Amino acid sequence: MLKGRSLIEPENFNLEEMDGLFSLAEKIEADERYLRESCRGRLLATLFFEPSTRTRLSFEAAMLRLGGSCLGFAEPGSSSAAKGESLADTVRMAAGYADVIVMRSPKEGAALLASRYSQVPVINAGDGGHHHPTQTLTDLLTIRRLRGNLKNFTIGFCGDLKFGRTVHSLTKALARCEKINMVFISPQELSVPEYIIRQLQRQDIQFTETRSLEEVMPGLDVLYMTRVQRERFFNEEDYIRLKDTFILNTEKMALGKKELVVLHPLPRVNEIAVEVDADPRAAYFKQAKYGMYVRMALLSSILGVN
Ligand code: NCD
């Protein structure tokens, strides 16, 4: 039962609960009238203290398709945070207006803190370089739809694995699935944080780290590309030096399996050449659409209307 629960990091929901969400999202995808109007009279507050296109729009689209309504702000400059209001106060107030809160913040731990002050469920839409659990639901649903299940595959994570919160959340969730082999492809400076490596070791998950995408490309079933997270760098020179380390293009795609699935949480900057979009293995725009279905499943479950 997800009714009334917050979602701060992927481990808040167990595998069975996630599975339930994916089945529900697939039902909604198959019949877009399913659950329509189920959230009539319910309000979603979107508190975004950091830029977003997909996450905020897909949450709003999800709520509106369920018959509910949305209110909120898309940049902190237009909220009272600009006047110095604390997150705790903003959240306490929003919880009085809405039935569920979705929030994004540049600060690690912000969503957890918000959930402690909120009378209504809080969904973390990204807290700094930490977690992004609804992107993980999106990624897992996409893999399940395109591969048939969530076990027994090799996934390569490529790009900024240090600051990329989508990678942190997805590795945590996949560590609980059967027979997953992870390959981390990044420059030394952007490698996966030590705390994640230690956790994977404790859980006995198979993983390797490499600096070469070409070398590992033939063995991958899923390739998860990521953007170098410019906003989390301390200086611009490092960003410029590292930003184009890995660019997926048609030559590199030629090294991949026929049934490879290429994912990217988006936005993309330079890391996937536009020419790759026409390749049937490029699944990132489909992935963005699955994000709306899984958020419909999530909102209706948390609000207890399905
Ligand atoms: C990601 C994020 O915000 O972490 N975007 C998203 O939600 N789809 C990835 C990114 O910004 O690079």
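Up top is the structure.
(A) Up close: the pattern of salt bridges. All chains considered together, the criterion is met by 22 salt bridges. For Glu9, the salt bridge identified is with Lys172, shortest N-O distance 3.4 Å. Of this pair, Glu9 sits in the segment before α1 (15-30) while Lys172 is found in helix α6 (residues 165-174), placing the two residues 163 residues apart along the sequence. A salt bridge links Glu11 to Lys172; its shortest N-O distance comes to 3.0 Å.

(B) Focus on the site of the ligand. Near the ligand, the surroundings consist of Thr55, Arg104, His132, Gln135, Arg165, Thr166, Arg227, Gln229, Pro265, Leu266 and Pro267. Interatomic distance of 2.7 Å between a side-chain N/O atom of His132 and an oxygen atom of the ligand. In the model, an oxygen atom of the ligand is placed 2.8 Å from a nitrogen or oxygen of the Arg227 side chain. Isolated, the ligand exposes 320 Å² of accessible area, and the fraction of that covered by the protein chains is 93%. Here the ligand is seated within the largest pocket.

(C) Spotlight on helix α5 (residues 133-147). Taking 1.5 Å of rise per residue, 15 residues should cover 21 Å, and α5 covers 21 Å from first to last C-alpha, within 8% of that figure. Of all 15 residues that make up α5, 12 are buried, and the element is covered over most of its length. If you check which residues of α5 are buried, you get Pro133, Thr134, Gln135, Thr136, Leu137, Thr138, Asp139, Leu140, Leu141, Thr142, Ile143 and Arg144.

(D) Seen up close, the layout of surface pockets. Its boundaries defined by the atoms lining it, the largest pocket holds a volume of some 360 Å³. In terms of lining residues, the largest pocket is bounded by 21 residues, among which Arg104, Arg165, Arg227, Leu266 and Pro267 are the most central.

(E) Structural detail: α1. Between its terminal C-alpha atoms α1 stretches 22 Å, which fits the 22 Å expected from 16 residues at 1.5 Å a residue. Check the buried side of α1 and you find it contacts α5, α6 and α11 (284-302). Where α1 begins, the side chain of Asn14 points an oxygen toward the backbone nitrogen of Glu16, at a separation of 3.1 Å.

(F) Focus on the packing of α5 against α6. Contact geometry of α5 with α6 gives a least axis separation of 8 Å together with a crossing angle of 60°. Taken together, the axes of α5 and α6 are oblique relative to one another. Handedness of the crossing formed by α5 with α6: right-handed. Contact residues: α5 offers Pro133, Gln135, Thr136, Asp139 and Leu140, while α6 offers Thr166, Ser169, Leu170, Ala173 and Leu174. Partitioning the contact of α5 with α6 into residue classes produces five nonpolar, four polar and one charged.

Calculation criteria
- For every chain, the first residue of the written sequence is number 1, and numbering continues from 1 onward in sequence order.
- With the structure being a predicted model, the display of local features is reserved for residues of pLDDT at least 70 and the display and counting of side-chain atom pairs for 80 or more, all residues being used for whole-chain, interface and lining totals.
- With hydrogens and water excluded, all non-hydrogen atoms of the structure serve as input to the side-chain values.
- Whenever Lys or Arg places a side-chain nitrogen within 4 Å of a carboxyl oxygen from Asp or Glu, that contact is recorded as a salt bridge.
- The secondary structure listing takes helices from DSSP runs of H or I that are at least 4 residues long and strands from runs of E that are at least 2 residues long, numbered from the N terminus.
- Note on definitions. A residue lies near a molecule or strand when any single heavy atom of the residue is within 4 Å of it.
- Under the rule applied, a polar contact is a pair of N or O atoms within 3.5 Å (in protein, one hydrogen donor and one hydrogen acceptor; residues adjacent in sequence only if both atoms are side-chain atoms).
- Surface accessibility in these figures is a Shrake-Rupley result with a 1.4 Å probe; residues are shielded only by whichever protein chains are displayed.
- A cavity, in this analysis, means grid points on a 1 Å lattice covering only the protein atoms where a 1.4 Å probe fits yet has no way out; a pocket is instead an open set bounded by protein on both sides within 12 Å along at least five of seven lines, and a residue lines either one if it has an atom within 4 Å of a point.
- In this scheme, a molecule is assigned to a cavity or pocket if more than half of its atoms are within 2 Å of the grid points.
- Multiply 1.5 Å by the residue count of a helix minus one, and that product is the helix's expected span.
- Buried residues are those whose accessible area, probed at 1.4 Å on protein chains only, stays under 20% of the maximum for their type, while exposed residues exceed 50% and partly exposed ones sit between those limits.
- Grid points are joined across faces, edges and corners, and a volume is the space filled by probe spheres set on the points.
- Here a residue-residue contact requires only that any non-hydrogen atoms of the pair lie within 4.5 Å.
- Each axis is a line fitted through C-alpha atoms, taken for helices only over the stretch in contact, and angles between the N-to-C directions span 0 to 180 degrees.
- Oblique is the label for every angle not falling under 35 degrees (roughly parallel), over 145 degrees (roughly antiparallel), or within 65 to 115 degrees (roughly perpendicular).
- Crossings are sorted by hand: turned counterclockwise from the far helix by less than a right angle, the near helix makes the crossing left-handed, and turned clockwise it makes it right-handed.
- Note that Gly is not counted as nonpolar here; it falls among the polar residues with everything else outside the nonpolar set of Ala, Val, Leu, Ile, Met, Phe, Trp, Tyr, Cys and Pro and the charged set of Asp, Glu, Lys and Arg.

Read these as layout, nothing more, since geometry by itself doesn't imply function.
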